[in-house]
Amino acid sequence: MLWAPWPFASVTPWTRTLLLAGIAVAFALAALDRAWLVGFRPVALPAAALLALALLGLAQSLPWPTSVAALVSPGHAALAREASTALGPYDGGSGPGFAQLSLAPVASRWSALTFAALAAALAAAASAGRHRRGRRLLAVAFLATALAQVFFGARRWLAGADTLWGVGVGGGDRLRGSFVNPNHFALYLELALAAAFAWSWWTWGRATREGVVPEQRVTLAAPPVLVWLTLFLALSFTGSRAGLAAAAAAIVAQGVLAAFRQGLRRRKARWALAGVLGAVCGLAVVAFAGFEEGLGRLAATSPFELGWDVRTQVYANTLELWSRFPLLGTGLGTFVHAFPMVQPESLGLFWRHAHSDPLELLAVGGLAGGALLAAGLWALVLRLLRVLRRGRRREDQAAALAALGALVAVGLHELADFGLTMPANALTLAILCGAAAGAAIQEPGAPETRKSRRKRPS
């Protein structure tokens, strides 16, 4: 977590390889624990879904008999026949015996490795999240790295630098940390904001306990609030409209979840109503401040912003691409290779991604890939809601609140962006969710010990 964002968000081949190696080591260390099965069990279904996506990418990259390919993906079989016809004079006109279910097998194998690594990171984080010390260490590393990114980016932004590590990255009118695209840095900050909000909720519970003097309350509550404000101000100056809207929605979602959690615990509906009203007021403040500081002055001149009409055209073409390969898609990681098949000349530009991660996954993974991701997310959200409702400590519940807020922010932002293709963002989300899902749960009807009652407020 400390290293991942710095080298261009680990997007270059050598940095991604180094990150994958680090994930493998972390998973191996977690598996050495005698209770590794207990640690991995909370994320078994989400990790299995990610592994299934990895197997899908591997299967897409392998050669299959043309008869089999024609059954599962007629589009790929047709391409194989066209290639055989074009190369007839060179292969004796024998016809295609095999067809691959990916337009770029190497890219699909690389994507398969990435999904497998994310599954390993999710499992390793869940193992670490069984204990408070593990979660606290990860939280400190994450928030410290996010703040370091903000200050590093602010220094370059104020200087108007247009290079990063000696590489040109365009104009310096937007805060970008060590990310090439400021919109992707905005996604990283959204994850940090969700964690800072949950930290504030936890410390507020500690500060309002009986016997805590006002000075102690300020000492407890001030640090997370200051961190949150710093991160939000940085998000504003990324100029990301989608990021700002997603962060605001995550704040509302976390406020409502926290309020209803408090209301259910104390069986008082007024807690839930107060939380909803507070979340709405917070949304209004965030929207106003964000527009004044970020959108009004920066986003209008961004070289990374695309007109809505252009994006809707790309989305329509992406759906057309999916319609040609509906079940299995064109192959994981092959959007850049497949999109020219449906790109009109009027669209122009060179499209590496669809600017919508869900649509891109549908195009490259088909219905199979989309179903696997939906199943994994469903299992993960259910586990996080259980931790939020029945976590043994308020700190455990705060971890779940952070992960749920991060999922809301990412889910909304990625409808119009491709920030999760940055390894640093994907890894951070996996660790955040895994560590929260690994927290212990007080099962219904289980006796509550004196030790757990004494520790619950923390």
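Keep in mind that what you see is a predicted model, and the values were worked out from it rather than measured.

Thresholds applied
- Residues numbered from 1 in each chain as written.
- Predicted model: local features only at pLDDT ≥ 70, side-chain atom pairs only at ≥ 80, totals over all residues.
- Heavy atoms only, no water.
- Helix = DSSP H or I, 4+ residues; strand = E, 2+ residues; numbered from the N terminus.
- Buried < 20%, exposed > 50% of the residue type's maximum accessible area, 1.4 Å probe, protein only.
- Contact = heavy atoms within 4.5 Å.
- Areas by Shrake-Rupley, 256 points an atom, 1.4 Å probe, with all protein chains shown as cover.
- Expected span 1.5 Å × (residues − 1).
- Phe/Tyr/Trp six-rings, centres within 6.5 Å; stacked < 30°, edge-to-face > 60°.
- Lys NZ or Arg CZ within 6 Å of the ring centre and 35° of its normal.
- Core = buried A, V, L, I, M, F, W, Y, C linked by side-chain atoms within 4.5 Å.
- Salt bridge = Lys/Arg side-chain N within 4 Å of Asp/Glu carboxyl O.
- Patch = residues over 30% accessible without salt bridge, like charges linked within 9 Å, V, L, I, M, F, W, Y side chains within 5 Å.
- pLDDT = per-residue confidence, 0-100.
- Axes fitted to C-alpha atoms, helices over the stretch in contact; angles between N-to-C directions.
- Parallel < 35°, antiparallel > 145°, perpendicular 65-115°, else oblique.
- Left-handed = near helix turned anticlockwise from the far one by under 90°.
- Nonpolar A, V, L, I, M, F, W, Y, C, P; charged D, E, K, R; others polar.

Q: Explain the overall build of the chain to me, and be specific about the residues and the numbers.
A: A tally of helices and strands in the chain yields 18 helices and four strands. Burial status across the chain gives 49% buried among its 458 residues. The long-range share in the chain, meaning contacts at least 24 apart out of those at least 6 apart in sequence, stands at 78%. With the model as given, the accessible surface of the chain reaches about 21400 Å², and the carbon-plus-sulfur share is 69%.

Q: Kindly report on helix α5 (residues 74-86), identifying the contributing residues and their values.
A: Compared with an ideal rise of 1.5 Å per residue, which puts 13 residues at 18 Å, α5 spans 18 Å between its outermost C-alpha atoms and is within 8% of the ideal. Along α5, the residues classified as buried are Gly75, His76, Ala77, Ala80 and Ser84.

Q: An account of the side chain of threonine 203 is requested, with residue identities and associated values reported.
A: As for its placement among the helices and strands, threonine 203 is situated in helix α9 (residues 182-207). Beyond its immediate sequence surroundings of up to four residues, threonine 203 is in contact with Leu220, Ala221 and Pro224.

Q: So what about the environment of arginine 41? Which residues, and what values?
A: In this fold, arginine 41 is placed in the loop between α2 (36-40) and α3 (44-61). Residue class for arginine 41 comes out exposed when judged on its relative accessible area of 52%. Arginine 41 sits 397 residues away from glycine 438 along the chain, and the two C-alpha atoms are 8.3 Å apart.

Q: For the packing of aromatic side chains, give the residues involved together with the corresponding values.
A: Evaluated as defined, the whole model comprises eleven aromatic pairs. Seen in terms of ring centroids, tryptophan 157 and phenylalanine 237 are 4.8 Å apart; in terms of plane orientation they differ by 45°. Their pairing is tilted. Of this pair, tryptophan 157 sits in helix α8 (residues 132-159) while phenylalanine 237 sits in the loop between α10 (214-236) and α11 (241-266); the two residues are 80 residues apart in sequence, bridging distant segments of the chain. On the basis of relative accessible area, tryptophan 157 is assigned to the partly exposed category, the value being 23%. Judged by centre distance (5.0 Å) and plane angle (25°), the ring pair of phenylalanine 335 and phenylalanine 339 falls under stacked. Overall, phenylalanine 335 belongs to the buried group, its relative accessible area being 1%. Members of the aromatic cluster, connected to one another through ring pairs, are Phe142, Phe179, Phe185 and Tyr188. Lying over the aromatic face of tryptophan 201, arginine 394 brings its terminal NZ or CZ to 3.8 Å of the ring centre.

Q: Outline the nonpolar core, listing residues and values.
A: Within the largest apolar cluster, 100 residues are counted, with the highest numbers of intra-cluster contacts made by Leu231, Leu235 and Leu384. Take this core: its biggest share by element is 15 residues, from α9. Other than its neighbours up to four places away in sequence, leucine 235 contacts Ala186, Leu189, Glu190, Leu193, Gly243, Leu244 and Ala247.

Q: Requested: an account of the environment of leucine 404, with residues and values cited.
A: Here leucine 404 shows up in helix α16 (residues 394-413). In the structure, leucine 404 is positioned 16 residues away from leucine 388 in sequence and 9.2 Å away in space, judged by C-alpha atoms. Those residues in contact with leucine 404 that lie beyond four places of it in its chain are Leu257, Val381, Leu384, Leu385 and Leu388.

Q: Lay out the pattern of salt bridges with the relevant residues and their values.
A: Enumeration according to the criterion identifies six salt bridges in this entry. The shortest N-O distance in the salt bridge between arginine 130 and aspartate 33 comes to 3.3 Å. With a gap of 97 residues between them, arginine 130 in the loop between α7 (105-128) and α8 and aspartate 33 in the loop between α1 (13-31) and α2 connect regions that are remote in the sequence. For arginine 130, a relative accessible area of 26% translates into the label partly exposed. We classify aspartate 33 as partly exposed; its relative accessible area is 30%. For the salt bridge of aspartate 396 with arginine 393, the shortest nitrogen-to-oxygen distance reads 3.9 Å. Put simply, Arg132, Arg136 and Glu395 are held in one network by salt bridges that share partners.

Q: Talk me through a nonpolar patch on the surface; I want residue IDs and the actual numbers.
A: A surface patch of nonpolar side chains, amounting to about 420 Å² of accessible area, comprises Leu55, Leu58, Leu62, Trp64 and Val68. Here leucine 58 lies in helix α3. We classify leucine 58 as partly exposed; its relative accessible area is 39%.

Q: Talk me through the confidence of the model for the chain; I want residue IDs and the actual numbers.
A: Confidence in the prediction of the chain, expressed as mean pLDDT, is 85, and 83% of residues score 70 or more. By mean pLDDT, helix α18 (residues 450-455) is the weakest element of the chain at 46, and helix α17 (residues 423-437) is the strongest at 97. The low-confidence segment residues 293-304 (pLDDT under 50) makes 35 contacts with residues lying over four places distant or belonging to another chain.

Q: Could you give an account of the side chain of asparagine 317, naming the residues involved and the relevant values?
A: With respect to the helices, strands and loops of the structure, asparagine 317 is situated in helix α13 (residues 308-324). On the basis of relative accessibility, which here comes to 5%, the residue asparagine 317 falls in the buried class.

Q: Can you lay out unusual backbone geometry for me, pointing to particular residues and giving the numbers?
A: At alanine 9, a position not held by glycine, the phi torsion is positive, near 60°. Along the chain, the position of alanine 9 falls in the segment before α1. At tryptophan 165, a residue that is not glycine, the phi angle is positive and equals roughly 55°.

Q: So what about the packing of α1 against α7? Which residues, and what values?
A: Across the interface, α1 lies against α7 with an axial gap of 9 Å and an inter-helix angle of 40°. Judged by the inter-axis angle, α1 sits oblique to α7. Here α1 and α7 pass one another in a crossing that is left-handed. The residues of α7 that touch α1, namely those facing Arg16, Thr17, Leu20, Ile23, Ala26, Phe27 and Ala30, are Trp110, Leu113, Thr114, Ala117, Ala120, Ala121, Ala123, Ala124 and Ser127. Taken together, the residues of the contact of α1 with α7 sort by class into twelve nonpolar, three polar and one charged.

Q: Explain the environment of alanine 9 residue by residue, including any values.
A: Residue class for alanine 9 comes out buried when judged on its relative accessible area of 1%. In this view, alanine 9 contacts Ala4, Ser178, Phe179, Met422, Pro423 and Ala424; residues no more than four positions away in its chain are not counted.

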